[in-house]
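Notes for the structure review
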Amino acid sequence: MTMHLDHALDILKSTGVRMTPQRYAILSYLLESMTHPTADEIYKALADRFPSMSVATVYNNLKLFIEAGLVRELKYGDDSSRFDADMSEHYHAICEQCGKIEDFDYTPLTAVEHAAAAHTGFKIFGHRMEVYGVCRDCSKAVTH
Ligand code: ZN
Ligand code: MN
């Protein structure tokens, strides 16, 4: 479940972050978007409305949102990080053809965390699990 915009704005306000039209637009875009956009995709989606905005502005705001606990960054080892405003526990299916990331719910795999702690002695803070395949749209495109 994605957080309601009003609630997200309250949280930001409580951290002392000043609201700007760009900041508001980036946050509401993320809350409405189900696509786990990259910073570049967010920039492109809002560039018409904010011609003076740069990708760096988008990044800086994303950093703020992450620090406020409103958004999480899904890193993929390059600069193609994707951003998710759904902070609930959920898992991701990733399309290997178009890169789409879709949410799905599954009982949290806490057993894996316990096993990891037992086998490695690590203090475990969490885990990320994703499955890979081909999405509905892409499999349709293949069979045509
Ligand atoms: Zn796809
Ligand atoms: Mn997600």
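Use the structure listed above.
What comes next concerns the included structure. (Residues numbered from 1 in each chain as written. Chains lettered and ligands numbered in written order. Predicted model: local features only at pLDDT ≥ 70, side-chain atom pairs only at ≥ 80, totals over all residues. Heavy atoms only, no water.)

**Re the nonpolar core**
- Formed by 23 residues in total, the largest nonpolar core has its most connected members in Ile 26, Leu 27, Leu 30, Leu 62, Phe 65 and Leu 70.
- At the level of secondary structure, the elements contributing two or more residues to this core comprise helix H1 (5-14), helix H2 (21-32), helix H3 (39-46) and helix H4 (55-67).
- By residue number, the principal contributor to this core is H2, which donates five residues.
- With residues near it in sequence (within four places) discarded, Phe 65 still touches Leu 12, Arg 23, Ile 26, Leu 27, Leu 30, Leu 70 and Val 71. (Core = buried A, V, L, I, M, F, W, Y, C linked by side-chain atoms within 4.5 Å. Buried < 20%, exposed > 50% of the residue type's maximum accessible area, 1.4 Å probe, protein only. Helix = DSSP H or I, 4+ residues; strand = E, 2+ residues; numbered from the N terminus. Contact = heavy atoms within 4.5 Å.)

**Describing the coordination of the zinc ion (ligand 1)**
- Those protein atoms acting as donors to the zinc ion (ligand 1) are Cys 95 (SG), Cys 98 (SG), Cys 135 (SG) and Cys 138 (SG), and they sit at 2.2 to 2.3 Å.
- Spacing between the donor residues of the zinc ion (ligand 1) along the chain follows C-x2-C-x36-C-x2-C. A residue pair is termed long-range when its members are at least 10 positions apart, and Cys 98 in the loop between strand E3 (91-95) and strand E4 (101-104) and Cys 135 in the loop between strand E5 (130-133) and helix H6 (136-143) qualify at 37 residues.
- Using a relative accessible area of 41% as the deciding quantity, one classes Cys 98 as partly exposed.
- Judged by relative accessible area, Cys 135 falls into the buried class, the value being 10%. (Donors = N, O, S within 2.8 Å, 3.2 Å for Na, K, Ca; no water.)

**A look at the coordination of the manganese ion (ligand 2)**
- Protein-derived ligands of the manganese ion (ligand 2) are His 36 (NE2), Asp 84 (OD), His 90 (NE2), His 92 (NE2) and Asp 103 (OD), with the metal-ligand distances lying across 2.1 to 2.2 Å.
- Mapping the donors of the manganese ion (ligand 2) onto the primary sequence gives the spacing H-x47-D-x5-H-x1-H-x10-D. Here His 90 is found in the loop between strand E2 (82-84) and E3, whereas its partner Asp 103 is found in strand E4, with 13 residues between them in sequence.
- Take His 90: its relative accessible area is 9%, and that puts it in the buried class.

**What to know about the packing of aromatic side chains**
- For the structure shown, the criterion picks out one aromatic pair.
- Note on Tyr 91 and Phe 104: the rings are 6.1 Å apart at their centroids and 35 degrees apart in plane angle, and the pair reads as tilted. Taken together, the residues span a long stretch of sequence, with Tyr 91 in strand E3 and Phe 104 in strand E4 at a distance of 13 residues.
- Take Tyr 91: its relative accessible area is 4%, and that puts it in the buried class.
- Owing to a relative accessible area of 24%, Phe 104 belongs among the partly exposed residues under this scheme.
- Positioned above the aromatic ring of Tyr 76 is the side chain of Arg 128, whose terminal nitrogen or guanidinium carbon lies 4.7 Å from the ring centre. (Phe/Tyr/Trp six-rings, centres within 6.5 Å; stacked < 30°, edge-to-face > 60°. Lys NZ or Arg CZ within 6 Å of the ring centre and 35° of its normal.)

**Re the pattern of salt bridges**
- The tally for this structure, following the rule as stated, stands at four salt bridges.
- Notably, a salt bridge pairs Asp 40 with Lys 44, separated by 2.9 Å at the nearest N-O pair. A residue pair is termed a helical-turn pair when its members lie 3 or 4 positions apart in one helix, as Asp 40 and Lys 44 do in helix H3 at four residues.
- Looking at Asp 40, the relative accessible area reads 33%, which means it is partly exposed.
- Lys 44 gets classed as exposed once you look at its relative accessible area, which sits at 60%. (Salt bridge = Lys/Arg side-chain N within 4 Å of Asp/Glu carboxyl O.)

**Here we look at the layout of surface pockets**
- Computed from the structure, the largest pocket encloses a volume of approximately 260 Å³.
- If you go around the largest pocket, you meet 13 residues; those closest to its centre are Arg 72, Glu 89, His 90, His 127 and Arg 128.
- Those elements giving two or more residues to the lining of the largest pocket turn out to be strand E1 (72-74) and E3.
- What the second largest pocket holds in volume is close to 170 Å³.
- Lining the second largest pocket are Ala 93, Ile 94, Cys 95, Lys 100, Glu 102, Tyr 132, Gly 133, Val 134, Cys 135 and Arg 136.
- Listed by contribution, the elements that provide at least two residues to the lining of the second largest pocket are E3 and E5.
- Among the elements that take part in the lining of the second largest pocket, E3 stands out by supplying three residues, more than any other.
- Residue composition of the lining of the second largest pocket, grouped by class: six nonpolar, one polar and three charged. (1 Å grid on protein atoms, 1.4 Å probe; cavity = no way out; pocket = protein on both sides within 12 Å on 5 of 7 lines; lining within 4 Å. Points joined across faces, edges and corners; volume = space filled by probe spheres on them. Nonpolar A, V, L, I, M, F, W, Y, C, P; charged D, E, K, R; others polar.)

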